[in-house]
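Take a look at the letters that make up each chain.
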Amino acid sequence: MPHATLVQDVRVGEDCILHSGCVIGSDGFGFARTSRGVEKVPQIGRVVIEDFVEIGANTCIDRATLGETVIRSQSKVDNLVQIAHNVTIQPEGLIASQTGIAGSTVIGARATFGGQVGIGDHVTIADNVMLAGQAGVQSDIKDPGAYYGTPSMPYAQGMRVVALIRRLPELLSRLRRLEARIEEADRDAKDS
C-alpha cells in the first residue's frame, strides 16, 4: 500500500499485504553505555516475512541486530504494532493493535494477542496461547491457553484478581475495622 517502507535487508514472501505507513527493517533499539556515553550498536541483521502475511498501517518491524527478525506464514499483524529486533512469530499469529513485543522474543504458532499487549524481551510463548487485551508478559509462558493481566496469569485467575481489585477499598475498610476490634479486645483483656 502507499507509503509502506522497506528499509534494508528485508525479504517479503508471496501474497503479503503491507499497509500504509508500516516500516519494515528499521534499526532495532540497540544502544550501549560506554565511557564515551550512549553509543549505537550496529543493527546488521534482516527481516524475513513469509507468505500470506498482512502487516497493518504504521506498524514497525525492526531489523535483527544479528540474524533475523521473522514473521512466519499466515500471520496477521494489526495497525500500530511494534515488533523489535530478533523477534520470531511462528505461523498464524494474530496480533492486535498497540501491541509491543520486545527483542529476542519467540511467539508460538497460532498465538492470538488482544490490543495493547506488552511482552518483555527474551520471552518464549508456547503455541496456542491467547493473551487478553492489555496483558503484560515478563516471563515465559510454557502452556497453551488463555492469559490475562499484568503480570499475565491464566485467564480465570486473572479475572478473579480483577474482581478482587475492584473490592480492595471495601476490604481495606473491613480489615481496619477488624484490627480496631482486635486491639480493643486486647486492651480489655489486659485491663481485666
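Here we summarise the structure given alongside this text. (Residues numbered from 1 in each chain as written. Predicted model: local features only at pLDDT ≥ 70, side-chain atom pairs only at ≥ 80, totals over all residues. Heavy atoms only, no water.)

A look at the overall build of the chain
Tallying secondary structure elements over the chain gives one helix and 23 strands in all. For 192 residues, the compact-globule estimate of 2.2 N^0.38 gives 16 Å, and the C-alpha radius of gyration of the chain, at 23 Å, exceeds that figure by more than 25%. Dimensions of the chain along its principal axes, counting C-alpha atoms only, are 85 × 45 × 30 Å. The buried share of the chain, reckoned over its 192 residues, is 34%. Within the chain, residue pairs in contact and separated by at least 24 positions form 16% of the contacts whose partners lie at least 6 positions apart. Of the roughly 11000 Å² of accessible surface on the chain, a fraction of 54% belongs to carbon and sulfur atoms. Put simply, the chain has 19 plus and 23 minus side-chain charges, and the middle of one group is 5 Å from the middle of the other. (Helix = DSSP H or I, 4+ residues; strand = E, 2+ residues; numbered from the N terminus. Rg over C-alpha atoms; globule rule 2.2 N^0.38 Å. Buried < 20%, exposed > 50% of the residue type's maximum accessible area, 1.4 Å probe, protein only. Contact = heavy atoms within 4.5 Å. Areas by Shrake-Rupley, 256 points an atom, 1.4 Å probe, with all protein chains shown as cover. Lys, Arg positive; Asp, Glu negative; His and termini not counted. Charge placed at Lys NZ, Arg CZ, Asp CG, Glu CD.)

Concerning the sheet that holds strand β11 (residues 76-77)
Pairing in this open sheet of eight strands is mixed, and the strands run β3-β8-β11-β14-β17-β20-β22-β23 from one edge to the other. The strands lining the two open edges of the sheet, one partner per strand, are β3 (17-18) and β23 (153-154). In this sheet, strand β17 (residues 112-113) lies alongside strand β14 (residues 94-95) in parallel orientation, the contact comprising two bridges. Across the sheet, the residue bridging to leucine 94 is threonine 112, located in β17. (Pairing = 2+ DSSP bridges.)

Things to note about the packing of aromatic side chains
The tally for this structure, following the rule as stated, stands at two aromatic pairs. Each ring, one from phenylalanine 29 and one from phenylalanine 31, has its centre 5.0 Å from the other, and the planes form 65 degrees; the classification is edge-to-face. With relative accessibility at 43%, the residue phenylalanine 31 sits in the partly exposed group. For the pair tyrosine 148 and tyrosine 155, a centre-to-centre distance of 5.7 Å together with 65 degrees between the ring planes defines the contact as edge-to-face. (Phe/Tyr/Trp six-rings, centres within 6.5 Å; stacked < 30°, edge-to-face > 60°.)

Description of the nonpolar core
Of all hydrophobic cores here, the largest spans 31 residues; its most connected members are Ile55, Ile83, Ile101, Phe113, Ile119, Ile125 and Leu131. Other than its neighbours up to four places away in sequence, isoleucine 83 contacts Cys60, Ile61, Asp62, Thr69, Ile71, Val77, Ile89 and Ile101. (Core = buried A, V, L, I, M, F, W, Y, C linked by side-chain atoms within 4.5 Å.)

Topic: the sheet that holds strand β1 (residues 5-6)
Read from one edge to the other, the open sheet built from seven strands follows the order β1-β4-β9-β12-β15-β18-β21, with strand pairing classed as parallel. The open sheet has two edge strands with one neighbour each: β1 and β21 (136-137). Pairing analysis gives two bridges linking strand β18 (residues 118-119) to β21, with the strands arranged parallel. Residue glycine 118 lies in a different strand from β21, and its bridge partner there is glycine 136.

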